[in-house]
Amino acid sequence: MTDDSVATFDAAWNRLTGWMAAHVPIDLAALRPAATAEEITDLETRLGFPLHPHLKALLGRHDGVIPHPEPQHHYAGAFLPLSHRLLGTEAIATAQEHLANGLGEAVAVLSCGDDLYDHAHQWVPFARPNDGGTAFIDHRPGPTYGHVYEMGLGSGATEATGWAVDLAGLFDALATSLESDTPFVGWWPEPLELRSGHTCLGWDHSARPVGSGWPAPRTPVPAVRPARHESRKLGRLLGTLKPDGRRSPGEGPQGPVRQ
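Residues numbered from 1 in each chain as written. Predicted model: local features only at pLDDT ≥ 70, side-chain atom pairs only at ≥ 80, totals over all residues. Heavy atoms only, no water.

If you look at the biggest cluster of nonpolar residues, it comprises 46 residues, and the most contacted ones within it are Leu 55, Leu 86, Phe 126, Leu 167, Leu 170 and Phe 171. Ranked by residue count, the leading element in this core is helix H6 (residues 167-180), at 7 residues. Ignoring sequence-local partners within four residues, the contact set of Leu 86 consists of Trp 13, Leu 31, Leu 58, Gly 64, Val 65, Phe 79, Leu 80, Phe 126 and Ala 127. If you look at the next biggest cluster of nonpolar residues, it comprises 8 residues, including Leu 99, Leu 116, Tyr 149 and Met 151. (Core = buried A, V, L, I, M, F, W, Y, C linked by side-chain atoms within 4.5 Å. Buried < 20%, exposed > 50% of the residue type's maximum accessible area, 1.4 Å probe, protein only. Helix = DSSP H or I, 4+ residues; strand = E, 2+ residues; numbered from the N terminus. Contact = heavy atoms within 4.5 Å.)

Given below as structure tokens:
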């Protein structure tokens, strides 16, 4: 993979997060600090193969998002379609081990030997929603290397939906959807109001007219940077952020139940 490919990823990620900074800064505040080089190397060792450069570049920016304890509610950070939240290095390793040790075999059987499902041990999950599904990157060398798929494993579905040819393509397509108020793979971007009063990014599968628009851009929220040991052991609820960037004690951004 060339340096140009990584530059393409950087441009796509910057385009997506630039829109988010103007409209849903609370989602950006949920991103964790970058994974260290040692953490990324350890992940590759556990996988047994190198990470796709785009996933490596993503982890080099953010080691997933801050976790939350109540998955049935809206929380900042679930800004990918189907409420997927980016995973950190440890969660990626655990999710991939789950696929490789049993789940991959079940998927292959149920999918009648389709070539994609014959090598589930080479899928690398990078995001997960609340219902047990997974978004993953195919790491098998060949024409589908780097392709991004989503599968609703939690609902018993075994058919993967192609999202993009790589992470750069995914983030670029999402940015286009957001900028033009058009759907991404049938999912429309929609503003979701948190109990804190902040707006986060959601995706609606219902049909709706083009051009409904978004609220006016909001003032950016300073990124939350929890101490690494605290976020890894406990996670921290992303509370109500005051104008000075501080979080009110005991407050959490709970919101309405996702449909």
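Now that the structure has been shown, we can carry on.
Taken in spatial order, the 5 strands of this open sheet run S1-S2-S3-S4-S5, and their pairing is antiparallel. Across the chains shown, the open sheet's two edge strands, defined by having one partner strand only, are strand S1 (85-86) and strand S5 (161-164). Pairing between S1 and strand S2 (residues 123-128): 2 bridges, direction antiparallel. By the bridge assignment for S2, Arg 85 is matched with Arg 128. Packed onto the sheet, H6 meets S2, strand S3 (134-138), strand S4 (148-151) and S5 and runs at close to 85° relative to S5. (Pairing = 2+ DSSP bridges. Axes fitted to C-alpha atoms, helices over the stretch in contact; angles between N-to-C directions.)

For Gly 132, the position within the fold is in the loop between S2 and S3. Classification of Gly 132 as partly exposed rests on a relative accessible area of 38%. Along the chain, Gly 132 and Gly 152 lie 20 residues apart, while their C-alpha atoms are 7.0 Å from each other.

So, on to H6. Residue pairs spaced three or four apart in an α-helix point in one direction, given the helix's 3.6 residues per turn. The end-to-end C-alpha distance of H6 is 20 Å, a good match for the 20 Å that 14 residues give at a rise of 1.5 Å each. Among the residues making up H6, those that are buried are Leu 167, Ala 168, Leu 170, Phe 171, Leu 174, Ala 175, Ser 177 and Leu 178. At the N-terminal end of H6, a side-chain oxygen is found 3.3 Å from the backbone nitrogen of Ala 168, two or three residues along, and the residue is Asp 166. Backbone geometry just after H6 places Asp 181 at a positive phi near 55°. (Expected span 1.5 Å × (residues − 1). Polar contact = N/O pair within 3.5 Å; in protein donor to acceptor, adjacent residues only side chain to side chain.)

The next subject is helix H3 (residues 37-47). Within the span of H3, buried status applies to Glu 39, Ile 40, Leu 43, Glu 44 and Leu 47. All buried residues of H3 fall inside an arc of 140° around its axis, so they share one side. Pointing more than 90 degrees away from the buried face of H3 are the exposed residues Ala 37, Glu 38 and Thr 45. Following H3 by one or two positions, Gly 48 has its phi on the positive side, about 90°. (Arc of directions from axis to C-beta.)

Bringing the pattern of salt bridges into the picture now. Scanning the model with the defined rule gives 6 salt bridges in all. Among the salt bridges present, the one from Arg 61 reaches Asp 10, with a minimum N-O distance of 3.6 Å. Within this pair, whereas Arg 61 is found in the loop between helix H4 (53-59) and S1, its partner Asp 10 is found in helix H1 (residues 3-23), the two being separated by 51 residues in sequence. Owing to a relative accessible area of 28%, Arg 61 belongs among the partly exposed residues under this scheme. Its salt-bridge partner being Glu 97, residue Arg 46 comes within 3.2 Å of it at the nearest N-O pair. With Arg 46 in helix H3 and Glu 97 in helix H5 (residues 89-110), the pair connects residues that are 51 residues apart, well separated along the chain. (Salt bridge = Lys/Arg side-chain N within 4 Å of Asp/Glu carboxyl O.)

Here we come to the confidence of the model for the protein. Of the residues in the protein, 68% reach a pLDDT of 70 or more, and the chain-wide mean stands at 78. When mean pLDDT is taken per element in the protein, H4 scores highest with 98 and helix H7 (residues 228-233) scores lowest with 38. Note that pLDDT drops below 50 for residues 109-113; the model gives that stretch 5 contacts with residues more than four away or on any other chain. Scored below 50 in pLDDT, residues 219-259 makes 95 contacts in the model with residues more than four places away or belonging to other chains. (pLDDT = per-residue confidence, 0-100.)

Okay, the pairing of S3 next. Within S3, 5 of the 5 residues are buried, leaving the element largely enclosed by the surrounding structure. Covered by surrounding structure in S3 are Thr 134, Phe 136 and Asp 138 together with Ala 135 and Ile 137, the residues of both alternating faces. When S2 meets S3, the two strands line up antiparallel, connected through 4 bridges. The residue bridging Ala 127 from the neighbouring strand is Ala 135, located in S3. In this structure, the hairpin formed by S2 and S3 is closed by a connection of 5 residues, where Gly 132 is found at a positive phi of approximately 95°.

What follows deals with the packing of aromatic side chains. The description of an aromatic ring pair rests on the distance of the ring centres and on the angle between the ring planes. Going through the model one piece at a time under the given rule, you end up with 5 aromatic pairs. Centroid distance Trp 13 to Phe 171: 5.0 Å. Interplanar angle 65°. Geometry classified as edge-to-face. Residue Trp 13 is found in helix H1, and its partner Phe 171 is found in helix H6; the two are separated by 158 residues along the sequence. When sorted by exposure, Trp 13 lands in the same class as Phe 171, which is buried. Seen in terms of ring centroids, Phe 136 and Tyr 149 are 5.5 Å apart; in terms of plane orientation they differ by 20°. Their pairing is stacked. Of the two residues, Phe 136 sits in strand S3 while Tyr 149 sits in strand S4, which places them 13 residues apart along the sequence. No difference in accessibility class separates Phe 136 from Tyr 149, as the two residues are buried. Taken together through their ring pairs, the aromatic side chains of Phe 9, Trp 13 and Phe 171 make up a single cluster. (Phe/Tyr/Trp six-rings, centres within 6.5 Å; stacked < 30°, edge-to-face > 60°.)

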